[in-house]
Amino acid sequence: MLSKISHRLFSQKVPCKSGLNSRFCVILGSQWGDEGKGKLVDILAKDYDVCARFNGGANAGHTVVADGHKYAFHLLPCGILYQKCVNVLGNGVVVHIPTMFEELEQLDKNGIDYKGRLLISDRAHLVSDILIQADGMLEQQKGKAAIGTTKRGIGPTYASKALRIGLRVGDLADWTRFREKYDTFVKEVSYLYRIDNFDSRKELDQLRTLSERMSKDRMIIDSIEYMSKALTGGKRIIAEGANATMLDMDFGTYPYITSSSTTVGGVCTGLGVPPQVVETNIGIMKAYTTRVGGGPFPTELLDETGVRLQKVGFEFGATTGRPRRCGWLDLNVVKFSNKINGLTSINMTKLDVLSGIPKIQVAVNYELDGKILNG
Ligand code: IMP
């Protein structure tokens, strides 16, 4: 059964290039995240000119070991470790500036030069501390129905973007205007979430110092122009997805989702590039399934096999340290992901974690009240 399904998954007649010779390669999570996207991006990015993130914020997470040093990245694209690679945080990303500088400190410590190699879209929205506070409050208020967010302010930041009250990275370019916008923003957010104890002066002071560093290093750019020139100039681009298909705001297991477009459409809206530029679209699929936070998980294992997968696969959140829920591979999920993303290939990870398990199971259909549901 597995081979039949796999055959159908892989048998699309789409001419595609592998990640090794593509001019525009997209890496997406095909399950609920933590499939190992960072590892493949890390392997490929050293031969790409541009590594761009198009969605999410510091809710993503991966650890990279390079030259004996361990780096924990949540916001920075994986290509930051490669001197030839320019790294872009696209307009679809939400940026908490202090977190970004904390991550950059790891590079400073090990003498990795990133000047001119980290570019942030002027249209990307800023994650303010007040939105992080709101994220925590909303979760607390939900009690047992909590989403289990990473509490990085992701939902409230995308919500304020949609509400047209958000702050953008480009606003930092004119400090006097920024202060005015910031005060209005804090007033509006405080009103929405009934927050009356937010220390805006502290955040403003911090942002002022950090934005001076950003303008000195010319980090803030018109990313639409940059990407367009990179494309016409024949640069090779790798787009690094954060989170995964089943956490997509439109296609995921709503409301247990993140708040960005994690699927292939997000590449276009989050980077400002036309769809036909995508040459390669690789879906990362873990050989089993994991999920962090609340929400449905049909193949979840609540027994000792689940615990074994967690231990052997070291399934603990890179951002929050939370243990990940574990279960069998669910091909319904991967097929669904393929429908939306039109994957040109699938990269299976962590197969070795299943070693020694006497009988491995894979879900190929869902059944409800004795009826097989068509996938
Ligand atoms: P948020 O993105 O922090 O708002 O969290 C919303 C949901 O997405 C929660 O269930 C998180 O556990 C989940 N989530 C967000 N980012 C990741 C990730 O990188 N891996 C796995 N789950 C994630």
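Just so it is clear, the model here is predicted, and its values are computed rather than measured.

Parameters at a glance
Residues numbered from 1 in each chain as written. Predicted model: local features only at pLDDT ≥ 70, side-chain atom pairs only at ≥ 80, totals over all residues. Heavy atoms only, no water. Pairing = 2+ DSSP bridges. Helix = DSSP H or I, 4+ residues; strand = E, 2+ residues; numbered from the N terminus. Buried < 20%, exposed > 50% of the residue type's maximum accessible area, 1.4 Å probe, protein only. Near = heavy atom within 4 Å. Polar contact = N/O pair within 3.5 Å; in protein donor to acceptor, adjacent residues only side chain to side chain. Core = buried A, V, L, I, M, F, W, Y, C linked by side-chain atoms within 4.5 Å. Contact = heavy atoms within 4.5 Å. Axes fitted to C-alpha atoms, helices over the stretch in contact; angles between N-to-C directions. Salt bridge = Lys/Arg side-chain N within 4 Å of Asp/Glu carboxyl O. Left-handed = near helix turned anticlockwise from the far one by under 90°. Nonpolar A, V, L, I, M, F, W, Y, C, P; charged D, E, K, R; others polar. Phe/Tyr/Trp six-rings, centres within 6.5 Å; stacked < 30°, edge-to-face > 60°.

1. Quick notes on the sheet that holds strand β2 (residues 50–53)
Step number 1: One open sheet accounts for eight strands, arranged β9-β7-β5-β2-β10-β1-β11-β14; its pairing is parallel. On the outer flanks of this sheet lie β9 (220–221) and β14 (345–349), each paired with one strand and no other.
Step number 2: Relative to β14, strand β11 (residues 280–286) runs parallel, the two sharing five bridges. The residue of β14 that forms the bridge with K286 is T349.

2. Focus: unusual backbone geometry
Step number 1: With an omega of 5°, the peptide bond between Y254 and P255 qualifies as cis.
Step number 2: In this model, K151 sits at a positive phi of 55°, which is unusual for a non-glycine residue.
Step number 3: Within the fold, K151 resides in the loop between α4 (129–142) and α5 (154–162).
Step number 4: Looking at K151, the relative accessible area reads 46%, which means it is partly exposed.

3. Considering the site of the ligand
Step number 1: Around the ligand lies a shell of 16 residues, among which N59, T150, N243, T258 and V292 are the nearest.
Step number 2: Measuring from an oxygen atom of the ligand, one finds a backbone N or O atom of V292 at 2.9 Å.

4. Some thoughts on the nonpolar core
Step number 1: Counting residues in each nonpolar core, the largest one holds 43 residues, and the members touching the most others are V95, M100 and L107.
Step number 2: Every element with two or more residues in this core is listed here: β4 (69–73), α3 (97–109), β7 (118–121), α4, α6 (175–193) and α7 (200–216).
Step number 3: The leading source of residues in this core is α6, at seven residues.
Step number 4: When neighbours within four sequence positions are excluded, M100 is seen to be in contact with L75, L76, L89, V95, L118, I120, M214 and M219.
Step number 5: The next biggest cluster of nonpolar side chains, apart from the first, holds 27 residues, and it includes A230, L231, I237 and V264.

5. So, the environment of L331
Step number 1: Tracing the backbone through its elements, the reader meets L331 in helix α11 (residues 331–341).
Step number 2: Exposure remark for L331: the relative accessible area of 2% places this residue in the buried category.
Step number 3: The spacing of L331 and V364 is 33 residues in sequence and 5.4 Å in space, taken between C-alpha atoms.

6. A look at the sheet that holds strand β13 (residues 325–330)
Step number 1: Taken together, the three strands give an open sheet; going across it, the order is β12-β13-β15, and neighbouring strands pair in mixed fashion. Across the chains shown, the open sheet's two edge strands, defined by having one partner strand only, are β12 (288–291) and β15 (362–363).
Step number 2: As paired elements, β13 and β15 share two bridges and run parallel to each other. Following the sheet pairing, D330 is matched in β15 by A363.
Step number 3: Sheet contacts for helix α10 (residues 304–312): β12 and β13; angle to β13, the most-contacted strand, approximately 100°.

7. Thoughts on α11
Step number 1: Counting buried residues in α11 gives eight out of eleven residues, a clear majority hidden from the surface.
Step number 2: Inspection of α11 places L331, N332, V333, V334, K335, S337, N338 and N341 among the buried residues, and these make up the whole buried set.
Step number 3: At the C-terminal side of α11, G342 shows a positive phi close to 60°.

8. Digging into the pattern of salt bridges
Step number 1: On inspection of all chains with the given rule, the structure shows eleven salt bridges.
Step number 2: When salt bridges that share partners are traced, they join D34, K286, E315, R324 and K350 into one network.

9. Notes on the packing of α4 against α5
Step number 1: Between α4 and α5, the shortest axis-to-axis distance is 7 Å and the interhelical angle comes to 115°. Both α4 and α5 take part in a crossing whose hand is right-handed. Note on element contacts: α5 touches α4 through I154, P156, T157 and S160, opposite L131, A134, D135 and L138.
Step number 2: For the contact of α4 with α5, the class distribution of residues is five nonpolar, two polar and one charged.

10. Details of the packing of aromatic side chains
Step number 1: Summed over all chains, the structure comprises six aromatic pairs.
Step number 2: Both rings, one in W32 and one in F297, keep their centres 5.6 Å apart while their planes meet at 45°; by these two values the pair is tilted. Taken together, the positions of W32 in the loop between β1 (24–29) and α2 (37–45) and F297 in the loop between β12 and α10 put the pair 265 residues apart, joining distant regions of the chain.
Step number 3: For W32, a relative accessible area of 4% gives the class buried.
Step number 4: Ring centres 5.9 Å apart and planes at 40° place the aromatic pair F178 and Y182 in the tilted group. Taken together, the positions of F178 and Y182, both in helix α6 and four residues apart, correspond to about one turn of that helix.
Step number 5: In this structure Y182 comes out as buried when scored by relative accessible area, which is 0%.
Step number 6: An aromatic cluster is defined as three or more aromatic residues linked by ring pairs; in this entry it consists of W175, F178, Y182 and F185.

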